[in-house]
Amino acid sequence: MTNIVAFNQYAITIVIPTRDEAPHIARCVDSVAALGRVVVVDCGSGDGTRAIAAAHGADVVEHTWEGHATQKNWALDHASITTPWVLFLDADEYLDERARSAIRGAVTAGDVDGYYLARRYVFLGKELKHAWWYPDAQLRLFRAAGGHFEARKVHEHAIVDGHVETLAADIWHENLKGLSAFVERHNRYSDLEAAELTSPAELRRRGAWRGAWADRRRAIKDRIWFRLPARPLLRFVWMYVVKRGFLDGRRGLLFCALIA
């Protein structure tokens, strides 16, 4: 029991940025409460998110929305993070016991500075086994003193000083707000990405073929993918046929169509 208490107090802080996440926040907070202090960084929710988070044991701080990356970097600098490790989660994500156990072991390692976690996707109540791009590695767990998020409008990635490995722990993603929210979110993200793509070249992070996975993926998108014709059709064929999204049934067909 003593080791568990010491771990909770001194090892890790979990940061969850929010805005109007009442359907999700209790599940998210409860799934990580055993790991350490939970900080919810809210930007003006009007649906009870802050009260729900506080009722489930989270520390709630408010900060006006300035962008995805800026919000997270603000938390790193101003959320009174005193633990050596920090874990970032979106409100519609959560962890299971296998992931919690893996994280407990990971933060005791002395020669690793950050970890990629895989992300699983639940769509319309059931996990997508084929249409989703699992493992969809996300660099979410890292030493607080040596990490920050790149300055991007959307799809920002963490940048960690030091050695990074992949952890056998999955983040579960399940949005409970329905298909209209799904479409609205992707439209909003596409607007942000379009604004970034049309920004001056010196302000863009173009990626690198020899960099980390996030850099290689960005290089492929920026220098190959965005130059191809008929991208919606290619995306659908890749997800539904090549990756066998059809094996996910009607949910797979709908997901692939919406993403395309």
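One structure accompanies this document, and this report is about it. (Residues numbered from 1 in each chain as written. Predicted model: local features only at pLDDT ≥ 70, side-chain atom pairs only at ≥ 80, totals over all residues. Heavy atoms only, no water.)

## Regarding a nonpolar patch on the surface
Thought 1: A cluster of nonpolar side chains, contributed by L233, V237, W238, V241 and V242, occupies part of the molecular surface with about 470 Å² of accessible area.
Thought 2: Within the element layout of this structure, L233 appears in helix α8 (residues 231-242).
Thought 3: On the basis of relative accessible area, L233 is assigned to the exposed category, the value being 55%. (Patch = residues over 30% accessible without salt bridge, like charges linked within 9 Å, V, L, I, M, F, W, Y side chains within 5 Å. Areas by Shrake-Rupley, 256 points an atom, 1.4 Å probe, with all protein chains shown as cover. Salt bridge = Lys/Arg side-chain N within 4 Å of Asp/Glu carboxyl O. Helix = DSSP H or I, 4+ residues; strand = E, 2+ residues; numbered from the N terminus. Buried < 20%, exposed > 50% of the residue type's maximum accessible area, 1.4 Å probe, protein only.)

## Re the pattern of salt bridges
Thought 1: For the structure on display, the rule yields 16 salt bridges.
Thought 2: The network of salt bridges with shared partners includes E93, R119, D136 and R140.

## Notes on the nonpolar core
Thought 1: Core analysis: the biggest nonpolar cluster contains 30 residues, and I16, L87, L95, I103, L141 and L167 have the highest contact counts within it.
Thought 2: Only β1 (12-18), α2 (25-32), β2 (37-42), β4 (85-88), α5 (97-106), β6 (114-123) and β11 (164-174) provide two or more residues apiece to this core.
Thought 3: The contact partners of L87, leaving out residues within four places of it in the chain, are I12, T13, I14, V15, L35, L95, I103, R140 and L141.
Thought 4: Formed by 18 residues, the second largest nonpolar core is a distinct cluster that contains A69, V86, A144 and A158. (Core = buried A, V, L, I, M, F, W, Y, C linked by side-chain atoms within 4.5 Å. Contact = heavy atoms within 4.5 Å.)

## Describing the environment of L247
Thought 1: Position of L247 among the secondary structure elements: in the loop between α8 and α9 (249-259).
Thought 2: Since its relative accessible area comes to 45%, L247 is described here as partly exposed.
Thought 3: Taking the C-alpha atoms as reference, L247 lies 6.8 Å from H130; in sequence the two are 117 residues apart.

## Describing the environment of G245
Thought 1: Mapped onto the fold, G245 is located in the loop between α8 and α9.
Thought 2: In this structure the C-alpha to C-alpha distance between G245 and A131, which are 114 residues apart in sequence, comes to 4.0 Å.
Thought 3: Setting aside residues up to four positions removed in sequence, G245 forms contacts with H130, A131, M239, Y240 and G252.

## Quick look at the environment of L124
Thought 1: Tracing the chain through its elements places L124 in the loop between β6 and β7 (126-127).
Thought 2: A sequence separation of 51 residues divides L124 from N175, and the C-alpha atoms of the two residues are 8.6 Å apart.
Thought 3: Not counting the four nearest positions on each side in its chain, L124 is found in contact with L179, R251 and L254.

## Points about α2
Thought 1: The buried fraction of α2 amounts to six of the eight residues, a majority that puts the element mostly inside the structure.
Thought 2: Residues of α2 that are buried: I25, A26, C28, V29, S31 and V32.
Thought 3: Of the surrounding elements, those touching the buried residues of α2 are β1, β2, α3 (49-55), β5 (93-95) and α5.

## Digging into unusual backbone geometry
Thought 1: Between Y134 and P135 the backbone carries a cis peptide bond, its omega angle lying at 15°.
Thought 2: With respect to the element layout, P135 can be found in the loop between β7 and β8 (138-143).
Thought 3: In this structure, R244 takes a positive phi of about 65° despite not being glycine.
Thought 4: Mapping R244 onto the fold places it in the loop between α8 and α9.

## A short note on the pairing of β4
Thought 1: Along β4, one buried face is formed by W85 and L87 and the opposite face, lined by V86 and F88, is buried too.
Thought 2: As paired elements, β1 and β4 share four bridges and run parallel to each other. Considered in β4, the bridge of T13 is made with V86.
Thought 3: In this sheet, β8 lies alongside β4 in antiparallel orientation, the contact comprising three bridges. Bridging across to β8, V86 finds its partner in F142. (Pairing = 2+ DSSP bridges.)

## So, the layout of surface pockets
Thought 1: A volume near 160 Å³ is recorded for the second largest pocket.
Thought 2: In terms of lining, the second largest pocket is formed by Y121, V122, F123, L124, G125, E174, N175, L176, G178, L179 and F182.
Thought 3: Per element, the largest residue contribution to the lining of the second largest pocket is three residues, and it comes from β6.
Thought 4: Of the residues belonging to the lining of the second largest pocket, the class tally is seven nonpolar, three polar and one charged. (1 Å grid on protein atoms, 1.4 Å probe; cavity = no way out; pocket = protein on both sides within 12 Å on 5 of 7 lines; lining within 4 Å. Points joined across faces, edges and corners; volume = space filled by probe spheres on them. Nonpolar A, V, L, I, M, F, W, Y, C, P; charged D, E, K, R; others polar.)

## Thoughts on the pairing of β2
Thought 1: Extensive coverage of β2 is indicated by the burial of five of its six residues.
Thought 2: With six bridges connecting them, β1 and β2 associate as parallel partners. If you follow T18 over to β2, its bridge partner there is D42.
Thought 3: This β-α-β element, β1 to α2 to β2, shows right-handed connectivity.
Thought 4: Looking at chain direction, β2 and strand β3 (residues 59-62) are connected through four bridges and run parallel. Bridging from a neighbouring strand, V40 pairs with V60 of β3.
Thought 5: In this fold, the crossover linking β2 to β3 by way of α3 has right-handed handedness. (Right-handed = clockwise from strand over helix to strand, strands pointing away.)

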